[in-house]
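As a plain string of letters, each chain reads:
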Amino acid sequence: MEVIKVTPRGYCKGVTRAIALAKKTAQEYPDTPIYVLGMLVHNAYVMEALKQLHIQPIDDKTKTRMELLDQIDEGVVIFTAHGIAPQVIEKARAKGLICVDASCPDVVKTQDIVKDALTKGSEIFYIGKKYHPEAEAVLSMDEHVHLITCERDIPDMPENTKIFVTNQTTMSIFDIDALFQSIAKQYPNAEFCEEICNATRIRQQAVADLKQQQIDVLYVVGDAHSNNSNRLAAIAKDAGIPDVYLIDDVHGIFDEQLVNKTKVAITSGASTPTYLTAQVIAYLENYEPGLTKPEIDIQKII
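In this convention, every chain numbers its residues from 1, walking through the sequence in written order. Reporting of local features is limited, given that this is a predicted model, to residues whose pLDDT is at least 70; pairs of side-chain atoms are given and counted only at 80 or more, and all residues count toward the totals for whole chains, interfaces and linings. Side-chain measures here rest on the full set of heavy atoms in the structure, leaving out hydrogens and waters.

A closer look at the overall build of the protein
Cut-off, in case you're wondering: Note on conventions: DSSP H or I runs of at least 4 residues are helices, E runs of at least 2 residues are strands, and numbering of each starts at the N terminus. Atoms counted for the radius of gyration: C-alpha only. Globule rule: 2.2 Å times residue count to the power 0.38. Think of it in three bands: with a 1.4 Å probe and only protein chains considered, a residue is buried below 20% of the maximum accessible area for its type, exposed above 50%, and partly exposed in between. Residues count as neighbours in contact if any of their non-hydrogen atoms are within 4.5 Å of one another. Using a 1.4 Å probe, accessible areas were evaluated by the Shrake-Rupley method; residue-level cover was limited to the displayed protein chains. Note on charges: Lys and Arg go in the positive column, Asp and Glu in the negative column, and His and the chain ends are not counted at all. By convention, the charge on Lys lies at NZ, on Arg at CZ, on Asp at CG and on Glu at CD.
Along the backbone of the protein there are 10 helices and 12 strands. Computed over C-alpha atoms, the radius of gyration of the protein comes to 21 Å, within 12% of the 19 Å expected from 2.2 N^0.38 for 302 residues, which places it in the range of a compact globule. In terms of overall dimensions, the protein has C-alpha extents of about 60 × 55 × 25 Å along its principal axes. Looking at the protein residue by residue over its 302 residues, the buried ones come to 50%. Long-range pairs, those at least 24 residues apart, make up 71% of the contacts in the protein between residues at least 6 apart in sequence. Carbon and sulfur atoms provide 48% of the accessible area of the protein, an area that totals close to 14,200 Å². The distance from the centre of the 30 positive side-chain charges to the centre of the 42 negative ones in the protein is 3 Å.

With respect to helix α10 (residues 274–285)
Along an α-helix, a turn takes 3.6 residues, which lines up residues three or four apart on a common side. The test is simple: For a helix, the expected span equals 1.5 Å multiplied by the number of residues minus one.
Between the first and last C-alpha of α10 there are 16 Å, a value that for 12 residues agrees with the 16 Å anticipated at 1.5 Å per step. If you check which residues of α10 are buried, you get Y275, L276, T277, Q279, V280, I281, Y283 and L284. Buried-residue contacts for α10 involve β1 (2–5), α2 (44–52), β10 (217–221), β11 (243–247) and β12 (263–268).

Considerations on the sheet that holds strand β4 (residues 76–79)
Note the following rule: A pair of strands counts as paired when DSSP detects no fewer than two bridges linking them. Axis definition: a line fit to C-alpha positions, over the contact stretch in the case of helices; interaxial angles, taken between N-to-C directions, run 0 to 180 degrees.
Here we have 4 strands laid out as an open sheet, ordered β3-β2-β4-β5, and parallel in their pairing. Edge positions in the sheet fall to β3 (55–58) and β5 (98–101), since each of these pairs with one other strand and no more. Going from strand to strand, the sheet's axes swing by 25° on average, the running direction of each strand aside. Here strand β2 (residues 34–37) pairs with β3 via 4 bridges, running parallel. Its bridge partner lying in β3, I34 is registered against I55.

Digging into the state of the cysteines
What counts, and what does not: For the purposes of this analysis, a disulfide is any pair of cysteine sulfur atoms at a distance within 2.5 Å.
According to the stated counting rule, one finds 0 disulfides in the structure shown. No disulfide involves C99; its sulfur sits 19 Å from the nearest other cysteine sulfur, which is in C104. Considering cysteine sulfurs only, C197 is the nearest to C193, which forms no disulfide, with 14 Å between them.

Remarks on the sheet that holds β1
If you trace the 4 strands from one edge of the open sheet to the other, you get β1-β12-β10-β11, paired in parallel fashion. The open sheet has two edge strands with one neighbour each: β1 and β11. On average, adjacent strands in this sheet sit at an angle of 20° to one another, irrespective of strand direction. Across 4 bridges, the pairing between β1 and β12 is parallel. When the bridges of β12 are listed, K5 appears paired with I266.

Description of the packing of helix α8 (residues 198–208) against helix α9 (residues 227–238)
The following threshold applies: An angle counts as roughly parallel when it lies under 35 degrees, as roughly antiparallel when it exceeds 145, as roughly perpendicular when it falls between 65 and 115, and as oblique in every other case. Left-handed describes a crossing in which the near helix is turned anticlockwise from the far one by less than a right angle; the clockwise case is right-handed. Polarity classes work like this: nonpolar for Ala, Val, Leu, Ile, Met, Phe, Trp, Tyr, Cys and Pro, charged for Asp, Glu, Lys and Arg, and polar for all others, with Gly in that last group.
Put simply, α8 and α9 touch, their axes get as near as 9 Å, and they point 30° apart. When the axes of α8 and α9 are compared, the pair comes out roughly parallel. Our pair here, α8 against α9, has a crossing hand that is right-handed. Where α8 approaches α9, its residues R203, Q204, V207 and A208 are matched on the opposing element by R231, L232, I235 and A236. Along the lines of polarity and charge, the residues of the contact of α8 with α9 split into 5 nonpolar, 1 polar and 2 charged.

A word on the pairing of β10
Worth spelling out the cut-off: Convention used here: a crossover is right-handed provided that the path from the first strand, over the helix, to the second strand proceeds clockwise when the strands point away from the viewer.
The element β10 is extensively covered by neighbouring structure, given that 5 of its 5 residues are classed as buried. Burial of β10 is two-sided: the residues V217, Y219 and V221 facing one way and the residues L218 and V220 facing the other way are all buried. Of the pairings in the sheet, the one linking β10 to β11 comprises 5 bridges and is parallel in character. For V221, the partnering residue across the bridge sits in β11 and is I247. Once the chain exits β10 it traverses α9 before rejoining the sheet at β11, and the crossover so formed is right-handed. Judged from the 5 bridges that link them, β10 and β12 form a sheet pairing that is parallel. Bridging from a neighbouring strand, V217 pairs with V264 of β12.

Remember, this is a structural readout, not a statement about activity or role.
Structural data, given as structure tokens:
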């Protein structure tokens, strides 16, 4: 069985920066309660590893960051890599909390672009995923920001409305292009600013290019909460790869998935630890039916 290791894969610079900031915070405040507002990055193993550093996640998918903040009364609060709304930071400071902002620079750049467009009187069409923290931060900026998840969400605006279109950084490059075209048909004078981050773009393109290699199976190592991991799996299916599996770790591989398969590829989401992907690669390179899977050492995650 041929094993193809898709490159690039794994951690992007924003995730690397966020984890480094969290580890540094743990060192600087060893005797102070430390909380992270949501998932620092969308990977459950990373969050479990942070608990080993006495960093406690405050997370509830039904609540906004503003609401989650009500659960913290003292200590340090880390804002996740997905960006944070200014009013959440203001509320945290008003509560006397020490604030550490792990927002990805690419996400902050998109927020700044939206702020600038708002000052120019534009209605913002923001293409993103509902309930995603990156989208939540942008939507909370102003009532003139409209979330678009699919073509049906494109609002009807009065003629001559100034419209600015941008997007969440981890969306599919192909989905964004299709939505941009749909919006342009309805609003020919709209201004477009495509904000897919480079790490997302090149990982998605690498997966799309696999269609030329007649891959039998693709394993995407990534958390189900990770938008960029889900997009990689979706792009692979659209590319015609027969079997695509989004797996948390090596224990998501089963013998029946590999019966009569001759060419298997592996990639991983931008928030997936290299340690987890390396285990998957090693297992597949040595694969035979019934092969024992390795244990996962949380101490090696970050």
